[in-house]
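Spelled out from the first residue to the last, the chains are:
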Amino acid sequence: MASYVLMKILESAPQRYERGINILSLGQSSKIQREIVKSYITAGDKILEIGCGSGTLAISCAEKGATVVGFDVSPEMLAQARRKIRERDLSGKIRLRQMSAIEMDNAFSDKGFDKVVSTLVFSEFYADEQKYVLREAYRILKPGGLIIIADEVRPNILWKRLLHLLIRIPLVVITYILTQKSTRALKGFSRLLVEAGFELIDQKRSLLDSFGLYVAQKPSQNGN
Amino acid sequence: MLPKNPVKMEIKETLRTVFGTLFRLLPLSVEPGLRFFGHPDDKSPVFVTANFDLTVKRVTKYLKDLDCYLLVAPTRGVNVWCAAKGGNFTAHSLISVVKTSGLSSKLVNRTLILPQLAAPGVDTELVKKKTGWDCKFGPVYAKDIPEYAANGFKKTDSMRRVRWPLTDRLDVGIGIFFPIFLAILAILAIFSRAWMSEIVILSWGLLFLMYGFYPLIPGKAGWHKILFLEALMVVSLLGYILLDGNQLNYIRNLFFMAMGLVILIGIDFDGVTPLYKSAFDPLLDKIGIKRLGPVDFHERAKIASSKITINQNQCTSCGICYDVCPRGVYEMGKDKQVKVVIKYPELCEVCEACIMQCPTRAISLKPGFKSKQGNP
């Protein structure tokens, strides 16, 4: 029971989440979200956001003219998102649902979305879960639709990996204390996308090779 | 899976075991998912466990000679009981791993055998509804699984009970005390290196004595035992002062250090056992710390002092409360009026397993009296 108390003391609070995540990503998280909206989102898009958290990315997409369905497992996070959406008067453009990614098979019909976006979510999934979510994303995307994922990745080169590790260990501790989330940098993620049937169309890495953006497409011909 | 160097793997796993043992309070996760032992077929049993490193290793040790599946559920790297009580081992952990592991397509017999101590956390009806799988509760301890399987998956009463044998006591004692020990060392290193060796010897000596001889120390619950030890030391110190004037300061300081260490080693001496509820929450509540961040000690103390009660009209005699109780509080009734009896209420540690599992919600908590210290 003592361990339970300790863990609960460290437990997350939504208002601290954004800050914690930005620390972990050394400020990359908001930068990459801006880039996603700028380069890949167009007005009229129908977007699904997996793990919308407190709604920052969903709001940016909606402000550019897209309609967004976002879901997150945390009700506290969604309450935060709802407040922000109300303040910006975007309730007509964004629909939120409280559910876990594992419920995607019953929640959305086939080929209903133009784009699937998700930032700093996949690194919280375990390996089988990542595969399941990619399968589901493939199913719900229209043929030709895009999946855009940004997350921590493991640097390819050894010295960068070591440097990354040195910076990351204290950050992981801080993030764990602030948000009680433990994440693992993605490894071989482009292979997973290809295995799920996507065609990789863009892949960028930034900041010591440790933060990655993946853009992949569901083929438009045999999209079933 | 990529082929890996077996020696390197072994070193890594040994280091993880050591780390997990010394820092028991930190989560240490392994990859959730489906594992195989022996040559399982489509009728082989499916056991479930938490994804805490040490837990998976222990379960593996007892499953490796059976033909079976092991489903490692995502519990954030926390052990079964703590995860079940702390909201990390829930129906959702199971739904997630059943759906993503590809288990469903492999088997005809759709029953998950859960560790009994998962009962406070897992809503088995929800698992059934979302995945189609039934749940049943196996033994508390993985070491009973081979016998359980040989018995046709029937549990004996002793398989239902938590125990507190020497190995577990030392294991848990070291895990709880090690971080405190490191903190003491750090403080000593800064302020007073002179006492370093005495403190190290006293710490580990007392740790092994206190946890080793736990059942022999007078006092029915943990904190009674601590009080006894403190009183014993005060009496011995007084005796020493009266009888012998030489070397007084050194020996007296040793006594004071030992008295401090006994409290640190015995911190939550109830809560670390599987036998008693933690005396931590009522204590904090009492001294005025009602809550700390998201932890509401007042609420937790209230639950700890509550008593279970059964509504006989709602009871269907299904026996699940009897099955999941780790302390043997229940006895099945003999007639139609009294279906199940709370025979040994003083043993209850309010783990709420029976409340979670009762299919008709016939069991509930009623507020207890303002109990003295939250002990039975």
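The structure displayed is predicted, hence computed values, not measured ones. (Residues numbered from 1 in each chain as written. Chains lettered and ligands numbered in written order. Predicted model: local features only at pLDDT ≥ 70, side-chain atom pairs only at ≥ 80, totals over all residues.)

Observations concerning helix H5 (residues 124–131) of chain B
Residues and elements named next belong to chain B.
Point 1. For H5, the complete set of buried residues consists of Thr-124, Val-127 and Thr-131. Taken around the axis of H5, the buried residues stretch over an arc of 55°, which confines them to a single face. Exposed positions of H5 whose direction lies more than 90 degrees from the buried face are Glu-125 and Lys-129.
Point 2. Tucked inside the fold, the buried residues of H5 contact helix H4 (91–100), strand S5 (134–137) and helix H15 (353–357).
Point 3. Note on H5: the residue one or two positions beyond its end, Gly-132, has a positive phi of about 80°. (Buried ≥ 20, exposed ≤ 12 C-beta atoms within 10 Å, placed from the backbone. Helix = DSSP H or I, 4+ residues; strand = E, 2+ residues; numbered from the N terminus. Arc of directions from axis to C-beta. Contact = placed C-beta atoms within 7 Å.)

Concerning the pairing of strand S7 (residues 211–217) of chain A
All names here are of chain A.
Point 1. With six of seven residues buried, S7 lies mostly within the body of the structure.
Point 2. Across seven bridges, strand S5 (residues 141–152) lies against S7 in antiparallel orientation. Within the sheet, the bridge partner assigned to Ile-147 lies in S7 and is Ala-216. (Pairing = 2+ DSSP bridges.)

Details of the sheet that holds strand S3 (residues 68–73) of chain B
Residues and elements named next belong to chain B.
Point 1. Spatial strand order, S1-S3-S2-S4-S5: five strands in an open sheet with mixed pairing. This sheet does not close on itself; its edge strands, each paired only once, are strand S1 (33–37) and S5. Strand-to-strand, the axes of this sheet are offset by a mean angle of 30°, without reference to chain direction.
Point 2. Sheet topology places strand S2 (residues 46–50) next to strand S4 (residues 111–114); two bridges connect them, and they run parallel. When the sheet's bridge partners are listed, Phe-47 is paired in S4 with Ile-113.
Point 3. Across the sheet, helix H2 (residues 53–63) lies against S1, S2 and S3, angled at about 155° from S2, the strand it touches most. (Axes fitted to C-alpha atoms, helices over the stretch in contact; angles between N-to-C directions.)

Considering the confidence of the model for chain A
All names here are of chain A.
Point 1. For chain A, the mean per-residue pLDDT works out to 83, and 79% of the residues sit at or above 70.
Point 2. Ranking the elements of chain A by mean pLDDT puts helix H1 (residues 2–9) last with 40 and strand S1 (residues 46–50) first with 97.
Point 3. Predicted confidence is poor over residues 1–14, with pLDDT under 50, and the contacts of this stretch with residues over four places away or in other chains come to 38 contacts. (pLDDT = per-residue confidence, 0-100.)

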